[in-house]
Structures are given as structure tokens and as C-alpha cells.
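Chain by chain, the residues run as shown.
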Amino acid sequence: ILMTKYFHYTTQDHIRSIRDSGVIKTTESNVSMEEDHAGPDVVWLFDKTLKVVPKMLYTKLYSQDNFLGWFPKCHVELEINLDKNEVLRADKFLKKHKANALWIQKLEKAGGIKFHTQYVITRAIKVEEIFNARYREDLLKQRKHSFRDSAGNPVSSPRKRI
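If you're wondering where the values come from, they're calculated on a predicted model, not measured in any experiment.

> Please give an account of the overall build of the chain that cites residues and values.
The helix and strand inventory of the chain stands at four helices and 10 strands. When the helices and strands of the chain are read in sequence order from the N terminus, they spell out β-α-β-β-β-β-β-β-α-α-β-β-β-α. The buried share of the chain, reckoned over its 162 residues, is 43%. When contacts within the chain are restricted to residue pairs at least 6 apart in sequence, long-range pairs at least 24 apart make up 77% of them.

Right, here's the structure in full:
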């Protein structure tokens, strides 16, 4: 077994549910533009720590019904040891599950990061597989700046223009 280090990013709220459930749960793999959960659900991973928050890791922040802006979903960085044979590069995973090439391009553009830099595993990750967790205040501070791609270049905001 070849164990490899991966990183998963989440919010403080999700850390509580991970602790309570004992696992990082799988989520939508975005294989299809038309159909939810067309491909296996996955846990999204990176093989390097993030220096810049990609657009895909921002979420809309609301107070009551008021839109407050975009907030990074990367308060906490989880370092995970996984068998390399269980993990697949996201671009290869999407192709394996016959994701439309144009759809993949749209997702990469919207997310501000290429799928060859992301990884997936098609099962929940047990808390025992997490060997380090750290608060990433440096990533949270980026919410005050313009959106940036994985290389740190400015990109347009994901907000829809009216």
C-alpha cells in the first residue's frame, strides 16, 4: 500500500459534523450538467496545500435574506493519508465517467482551477485517516481581496452581472 498525503478544505461548521459523524462525507461529483449524482459521489482533495483560494471554494454568505458577499470555505485544512490506489485525479475521474468535455471546461472556468490539480475518492474518509488539522487564517483573509485563480492571478467575481 502506497500511502500519500492529500488535503481537504472545509469550514468550522463542517468540522463539527465530521467529528460527530466520524467521517468526511462524499458529495456531488459534478459528472453531469443535466443530472445530479450522475456519477459516484466523492470527497474532493488536493495534493498540495492551497496558497490562494480558488473560486470553487467560495460560498455565498447571507444574513437572514441579505446577501453579504462571498466567503471562502477553507477555514480548516485537513491533512489526510490515503492509499494512492483509491484516489483518482479529478480530470481522469470525470473522463472515466464520461463527463462532457465542454462541461468540464465550464466547471474549470467557473471554479478558477483545473481538474488535473484536484483529486477525488469515491468513499467517505474516516476521521482516523486525518492526521493533522490546521486553521488557515491566511486563506480566510483573502476574502477581502478580489477573486484569484490557483496561480494567484486576478479573475472576475463569480457574481452574476445584472
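> Pulling in residues and values, what's your account of the pattern of salt bridges?
Under the defined criterion, the tally for this structure stands at 10 salt bridges. Of the charged contacts, one joins Arg123 and Glu129 as a salt bridge, the two residues approaching to 2.6 Å between their closest N and O atoms.

> How would you explain the nonpolar core if you had to name every residue and give the values?
Ranked by internal contacts, the top residues of the largest apolar core, which has 15 residues, are Ile24, Leu45, Leu78, Ile80, Leu82 and Ile125. Of all the secondary-structure elements, those providing two or more residues to this core are α1 (12-21), β3 (43-46), β6 (76-83) and β8 (118-121). Counting residues per element, this core draws most heavily on β6, at four residues. In this view, Leu82 contacts Leu2, Met3, Thr4, Tyr6, Leu45, Val87, Ile121, Arg123, Ile125 and Glu129; residues no more than four positions away in its chain are not counted. Formed by 12 residues, the second largest nonpolar core is a distinct cluster that contains Trp44, Ala99, Leu107 and Phe115.

> Now, about helix α3 (residues 101-111): what can you tell me, with residues and values included?
Each turn of an α-helix holds 3.6 residues, which means side chains three or four residues apart point in the same direction. Those residues of α3 that sit buried are Trp103, Ile104, Leu107, Glu108 and Gly111. Along the long axis of α3, the arc covered by the buried residues comes to 135 degrees, so they all point the same way. α3 presents Ala101, Gln105 and Lys109 as exposed residues on the side facing more than 90 degrees away from its buried surface. In the core, the buried residues of α3 are packed alongside α2 (90-96). The N-cap of α3, judged by a side-chain oxygen 2.7 Å from the amide nitrogen of Leu102 a few residues on, is Asn100. Just downstream of α3 lies Gly112, where phi reads positive at about 70 degrees.

Conventions adopted
Residues numbered from 1 in each chain as written. Predicted model: local features only at pLDDT ≥ 70, side-chain atom pairs only at ≥ 80, totals over all residues. Heavy atoms only, no water. Helix = DSSP H or I, 4+ residues; strand = E, 2+ residues; numbered from the N terminus. Buried < 20%, exposed > 50% of the residue type's maximum accessible area, 1.4 Å probe, protein only. Contact = heavy atoms within 4.5 Å. Salt bridge = Lys/Arg side-chain N within 4 Å of Asp/Glu carboxyl O. Core = buried A, V, L, I, M, F, W, Y, C linked by side-chain atoms within 4.5 Å. Arc of directions from axis to C-beta. Polar contact = N/O pair within 3.5 Å; in protein donor to acceptor, adjacent residues only side chain to side chain.

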